[in-house]
Amino acid sequence: MSAEQQHRDGQAADPGPRSLAQALRERDDASLGALLRSRPDLLHPVPTDVTQLATRAGTRASVLRALEHLDRFALQAAEALAVAPDPASYQELLDLLAGDDGDEEVAGALPATVALLRERALVWGGEDRLRLVRTARELLAPSASHSSPTGLGPSVAEATSGMSPGRIQAILTAAGLPHTHDTVSAVAALSGLFADRERVADLLEGAPEASREVLTRLVWGPPYGQVTAEPAAHLRWLLDRGLLLPTTPGTVVLPREAALSLRGGRAHRVPEPTRPRVAVAAERKPQVVDAAAGGQALAALDTVEELLRSWDEGGPAVLRAGGLSIRDLKRTATVLEVPEPVAAFWVELAYAAGLIASDGGYVEEHHDRHDRPDADAEGYEDEETRDARTRRRSGEAEHYAPTPEYDAWRDLPPAERWAWLLEAWLPGTRAPGLIGGRDGRDRTLSALGPGLDRSPAPEVRRRVLELMAGLEPGQAPDPATLLERLRWERPLRSAGPRREQPEPPRTGVRPAYGGGVAANDPEALRTKLTEWALLEAEMLGVTGRGALATHGRALRGAEGRSEGAGAGTAPAGSARAAVVAALLAPLLPEPLDHVLLQADLTAVAPGPLVRPLAEALGVLADVESKGGATVYRFTPGSVRRALDAGRSATELHAFLDRHSRTPVPQPLTYLIDDVARRHGLLRVGAASSYVRCDDESVLDEILADRRATALRLRRLAPTVVAAQADPRTLIEGLRAMGFAPAAESAEGDVMIARPHAHRTPPRTPPAPVPDGPPAPDATLLTAAVRAVRAGDRAATAPRKETPQAPGGLPRTSPADTLATVQAAAMTGESVWIGHVNAEGAASQRLLAPLRVEGGYVTGYDHTADEVRTYALHRITGVAELADEPDGAEPAR
């Protein structure tokens, strides 16, 4: 027995429910919960009863969202129902999808697909009376201006609705059909002719070859064409026989029945009941994949740390419209030694993780003083917030800078720091790859600026990782087949109904990060999001050499951040982050506390260094190259930088001796001693500025140097020279002349140059822009189903006739109201009450009064499914329930 026969045999032959509301009312609680789980937008707010649930399920926005979440075959089934008779039988739907020749794959997949459409309340009715919800039919059916997504046009009856009876009779005569005076019968006869495959073939045997070519071009859509006032002979042949019917002046259409006959009964050119398989592009050992991913994760941490370190004293200015300027992005890319699109990704990731933010704009972001976390009831603000307010009032530009969360993140172990970044990347809706493109208003999209949120991004990211996890460990997917699978799973994306058209051949996907995408092209956006997800996963270390690493596989099925936690929340509260960090930790090398000093004034760090050593070495030496081993170079400038930071030559020698596994080279010792001996010999202060030196010959040398002319020096005493330049310019000028001056304070002490770490006020990471309401949990579903059932029992309970107030509320006098509820409380019966709350909102409630006292009635509210108390003066009236017929169960 075939699958469709089994499906039909398992269904009753009755006509089924008369409405969607009745179909939903007949469902059990599990089926109703499945509907609310698959369409969470129906839960906000929770419907009061099944009728309201059905009404909400048929709204345009909800139906369009439900269609967007269908796979390609389910959408094809819905599109076929939209062009089928209403209602249609299961066999008619199968014939439209499988065609005259049949298709075993379609027949095997269709029962589950119809069940899916029923579950999501897009299809209802009995087995022989399948109905597509009206809104879905309006979205997917053809109209006078556009064809169906299948490429089919209107039916003969729809296309001839405005045609004169005489013209219809002329078409019947030309088509060889008997004459009739009834227009309805004439249209039915023409429809029957076009629906008969053999009769259409006989009719076309005498058609000119050019007429057949026209039908071939129109048969798979779009079915519309343009004709002149005097059409050619081959077009006139088609018009005379109704194979082309006029819709608007100058426009003709191929009727649906004729197109289906020419197609062999198929609604779609290629039905796709089977999900495409993700092909394997390469196979590697899982150990190699994990090692590559671990190295990439370490490189990702180094890149983010380098970015934040470069902005530690204050980063680039914020554009007036928000975001980074192109110049600042180029500078950041130069610092990170990566292309600009990749630098934009790291900047956006740090922003999403809550590690960087703007240091100003606090007043505009929080209009209510009491909503600010840094202001108490008396209006107290911390120093940084007051500084930001002052800068904005004075017109000083805002800048990006690390947030206080950066200090907490920096102190975490490497694996937990990486997990923190991952927790920001996975749910993030900002798409850095769009940077450099144009928005809908033709404005350039900038890093950290507005307009980068794309709500499908998290879902695409999640599905890419899930599909990669479905492969064997070490297998890298083919990007082209991965993209085709995602297209099959989500063929419709907020751009209106999909049109049936042949897809251009794809020889492979070549990912390229950045470059932007058209603002109104959802198909191109989805393709780019897939490519970017693969590239971002590789840059982060979720994948290694194109395959999902072990810690990347743990992302599937692990619990993510708890609801309400921000993107920058420490990963200790996320089960998923904890699992991933535990798996990644063995792949990351332990930080080292030593370097290898070499005679060429370089130091080699054979791995990552502990943070105190890395920070101290970053002051004493310049990074020459990065990679598996970082090379530092010592120069007079770098040594002078360490001396300016307050380190003495003795301390530097001890530091190098303590952290070097090789003897300290003699050239490095000489370099430190030589720079230290000259460092501080000259003293620069503010006069505008001055130079003080105990060695008069040094001052003589300076005054005799032509390069000192721009400093406008003048000798005030044998050991003091005044300058017209500020101290910073004077120090830079003397150093350019080969001297090593040190700055001194007003008290004559040497000033130590320490970097000033600039931090923003406390900031909340940017919240992702969700793609619709979140999926409900089991507790919410259970409560929602219970509330809908209770409200439905209350709404469908019969009641006796009673006078009604405006709005349909029962209306009785206060005395009758009191007497009725008191009697109901004594007998335990339920009554209908009309209630108006304090806001003036009116509602009807089915109440079982328990007690009446003090001007209030307390009882079990069947509508809300809970015990409630109502003020008697707010009850408009009371209506008793009608007597239940024998065997009927009263509402409870």
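Residues numbered from 1 in each chain as written. Predicted model: local features only at pLDDT ≥ 70, side-chain atom pairs only at ≥ 80, totals over all residues. Heavy atoms only, no water.

Visitor: Got a minute to help me understand the overall build of the chain in this structure?
Guide: On a plain count of helices and strands, the chain comes out with 36 helices and 27 strands. Long-range pairs, those at least 24 residues apart, make up 67% of the contacts in the chain with a sequence separation of at least 6. Of the roughly 42,700 Å² that the chain leaves accessible, carbon and sulfur atoms contribute 52%. (Helix = DSSP H or I, 4+ residues; strand = E, 2+ residues; numbered from the N terminus. Contact = heavy atoms within 4.5 Å. Areas by Shrake-Rupley, 256 points an atom, 1.4 Å probe, with all protein chains shown as cover.)

Visitor: Is there a simple way to think about the nonpolar core in this case?
Guide: Generally speaking, soluble globular proteins have nonpolar side chains that are buried together. Counting 93 residues, the largest nonpolar core has Leu-110, Phe-194 and Leu-243 as its most contacted members. The leading source of residues in this core is helix H6 (residues 72–83), at 9 residues. Among residues more than four places away in sequence, those in contact with Leu-110 are Phe-73, Ala-77, Tyr-90, Leu-93, Leu-94 and Leu-97. Counting 71 residues, the second-largest nonpolar core is a separate cluster that includes Trp-409, Trp-425, Leu-426 and Ala-533. (Core = buried A, V, L, I, M, F, W, Y, C linked by side-chain atoms within 4.5 Å. Buried < 20%, exposed > 50% of the residue type's maximum accessible area, 1.4 Å probe, protein only.)

Visitor: How should the pairing of strand E19 (residues 720–723) be read in this particular structure?
Guide: Side-chain positions along a regular strand alternate between the two faces of the sheet. When strand E17 (residues 689–692) meets E19, the two strands line up antiparallel, connected through 4 bridges. In the sheet register, Ser-689 faces E19, and the bridge partner there is Ala-723. In terms of strand pairing, strand E18 (residues 714–717) meets E19 through 3 bridges, oriented antiparallel. Across the sheet, the residue bridging to Arg-714 is Ala-722, located in E19. Taken together, E18 and the strand that follows it, E19, pair antiparallel across an intervening segment of 2 residues. (Pairing = 2+ DSSP bridges.)

Visitor: Would you mind showing me how to read the pattern of salt bridges here?
Guide: A side chain with one charge may pair with a side chain of the opposite charge, provided their charged atoms come close. Per the counting criterion, the structure on display carries 37 salt bridges. A salt bridge links Glu-306 to Arg-309, with the nearest nitrogen and oxygen atoms 2.7 Å apart. Taken as a pair, Glu-306 and Arg-309 lie in helix H17 (residues 286–310) at a separation of 3 residues, close to a single helical turn. Residue class for Arg-309 comes out partly exposed when judged on its relative accessible area of 46%. For Arg-438, the salt bridge is made with Asp-442, and the minimal N-O distance between the two is 3.2 Å. In this structure, a network of salt bridges that share partners links the residues Asp-407, Arg-410, Asp-411, Arg-611 and Glu-615. (Salt bridge = Lys/Arg side-chain N within 4 Å of Asp/Glu carboxyl O.)

Visitor: Where do I start with the sheet that holds strand E26 (residues 866–871) in this structure?
Guide: Backbone hydrogen bonds are what pair the strands of a sheet, in a parallel or an antiparallel way. Strand order in the open sheet formed by 5 strands is E26-E25-E24-E23-E27, with antiparallel pairing between adjacent strands. Each edge of the sheet is formed by a strand with only one pairing partner; in this case those strands are E26 and strand E27 (875–880). Direction aside, the axes of adjacent strands within the sheet are offset by 45° on average. Here 5 bridges tie strand E23 (residues 831–836) to E27, and the two strands are oriented antiparallel to one another. Note that in E27 the partner of Trp-832 across the bridge is Ala-879. (Axes fitted to C-alpha atoms, helices over the stretch in contact; angles between N-to-C directions.)

Visitor: How should I be thinking about the packing of helix H12 (residues 183–195) against helix H16 (residues 256–263) in this particular structure?
Guide: Helix packing for two helices is described by the angle between their axes and how far apart those axes are. The contact between H12 and H16 brings their axes to 7 Å, and the two run at 15°. In terms of orientation, H12 and H16 fall into the roughly parallel class. Once H12 is placed against H16, the crossing between them reads as right-handed. In contact with Ser-191, Phe-194 and Ala-195 of H12, H16 contributes Glu-257, Ala-258 and Ser-261. (Parallel < 35°, antiparallel > 145°, perpendicular 65-115°, else oblique. Left-handed = near helix turned anticlockwise from the far one by under 90°.)

Visitor: For this particular structure, what's the right way to read the environment of Thr-51?
Guide: With respect to the element layout, Thr-51 can be found in helix H4 (residues 50–57). Residues Thr-51 and Leu-24, 27 residues apart in the sequence, show an inter-C-alpha distance of 8.6 Å.

Visitor: Even after reading the chapter, I still don't get the environment of Leu-298, so can you show me in this structure?
Guide: Structurally, the position occupied by Leu-298 is in helix H17. Sequence spacing of Leu-298 and Gly-628 is 330 residues, and the spatial spacing of their C-alpha atoms is 9.9 Å. Setting aside chain neighbours within four positions, we find Leu-298 in contact with Leu-588, Pro-589 and Pro-608.

Visitor: Any chance you could explain unusual backbone geometry here in plain terms?
Guide: For residues besides glycine, phi is generally negative; the peptide bonds are generally trans as well. Going from His-44 to Pro-45, the amide bond is cis rather than trans, its omega being -10°. In this structure, Pro-45 sits in the loop between helix H3 (29–38) and H4. Cis peptide bonds are those with omega within 30 degrees of zero, and the linkage from Asp-86 to Pro-87 qualifies with 5°. Of note in the backbone geometry, Arg-545 takes a positive phi value of approximately 55° without being a glycine. Following the sequence through the fold, Arg-545 ends up in the loop between strand E10 (543–544) and strand E11 (547–548).

Visitor: Help me understand the sheet that holds strand E13 (residues 602–605), please; the structure alone is not making it clear to me.
Guide: Here we have 4 strands laid out as an open sheet, ordered E12-E13-E15-E14, and antiparallel in their pairing. With one partner strand each, in any of the chains shown, strand E12 (596–598) and strand E14 (622–625) form the two edges of the open sheet. Between one strand and the next, the sheet's axes are offset by a mean angle of 30°, whatever the strand orientation. For E14 and strand E15 (residues 630–633), the ladder comprises 3 bridges, and the chain directions are antiparallel.

Visitor: Sorry, what's going on with helix H5 (residues 60–68) here?
Guide: Given 3.6 residues per turn, any residue in an α-helix points the same way as the ones three and four places further on. For H5, the complete set of buried residues consists of Ser-62, Val-63, Ala-66, Leu-67 and Glu-68. Buried residues in H5 make contact with H4, H6 and helix H9 (134–140).

Visitor: Would you mind showing me how to read the packing of aromatic side chains here?
Guide: Any two aromatic rings considered together are summarised by their centre-to-centre distance and by the angle between their planes. A full pass over the atoms with the stated rule returns 3 aromatic pairs. Geometrically, the ring pair formed by Trp-311 and Tyr-400 is stacked, given 6.3 Å between the ring centres and 25° between the ring planes. Taken as a pair, Trp-311 in the loop between H17 and helix H18 (326–336) and Tyr-400 in strand E8 (residues 400–402) lie far apart in primary sequence, 89 residues in all. Across the ring face of Trp-409, the terminal group of Arg-417 is positioned such that the distance to the ring centre comes to 5.6 Å. If you follow Arg-647 out to its NZ or CZ, it ends over the ring of Phe-655, 5.6 Å from the centre. (Phe/Tyr/Trp six-rings, centres within 6.5 Å; stacked < 30°, edge-to-face > 60°. Lys NZ or Arg CZ within 6 Å of the ring centre and 35° of its normal.)

Visitor: How should the packing of H17 against helix H19 (residues 340–352) be read in this particular structure?
Guide: For the pair H17 and H19, the least separation of the axes is 10 Å and the interaxial angle reads 80°. The orientation of H17 relative to H19 falls into the category roughly perpendicular. Note on element contacts: H19 touches H17 through Trp-346, Val-347 and Ala-350, opposite Ala-300, Thr-303, Val-304 and Leu-307.

Visitor: Mind showing me how you'd approach the confidence of the model for the chain here?
Guide: Within the chain, residue pLDDT values average 82, and 84% of them lie at 70 or more. Predicted confidence is poor over residues 391–395, with pLDDT under 50, and the contacts of this stretch with residues over four places away or in other chains come to 6 contacts. (pLDDT = per-residue confidence, 0-100.)

Visitor: Just checking my understanding: could you explain the side chain of Arg-430 for this structure?
Guide: On the secondary structure map, Arg-430 appears in the loop between helix H23 (414–425) and helix H24 (457–469). Given a relative accessible area of 15%, Arg-430 falls into the buried group. Separated by 2.7 Å, the side chain of Arg-430 and the backbone oxygen of Gly-449 make a polar contact. Setting aside its immediate chain neighbours within four residues, Arg-430 contacts Glu-348, Tyr-351, Leu-448, Gly-449, Leu-452, Asp-453 and Arg-461. (Polar contact = N/O pair within 3.5 Å; in protein donor to acceptor, adjacent residues only side chain to side chain.)

Visitor: Explanation requested: the environment of Leu-613 in the structure shown.
Guide: By secondary structure assignment, the location of Leu-613 is in helix H29 (residues 611–620). Sequence-distant contacts of Leu-613, that is, excluding residues within four places in its chain, are made with Leu-592, Asp-593, His-594, Phe-655 and His-659.

Visitor: How should I be thinking about the pairing of strand E4 (residues 245–248) in this particular structure?
Guide: By the bridge criterion, 3 bridges tie E4 to strand E5 (residues 251–253) in an arrangement that is antiparallel. The residue bridging Leu-245 from the neighbouring strand is Val-253, located in E5. If you look at the hairpin formed by E4 and E5, you'll find 2 residues sitting between the two strands, and Gly-250 has a positive phi there, around 90°.

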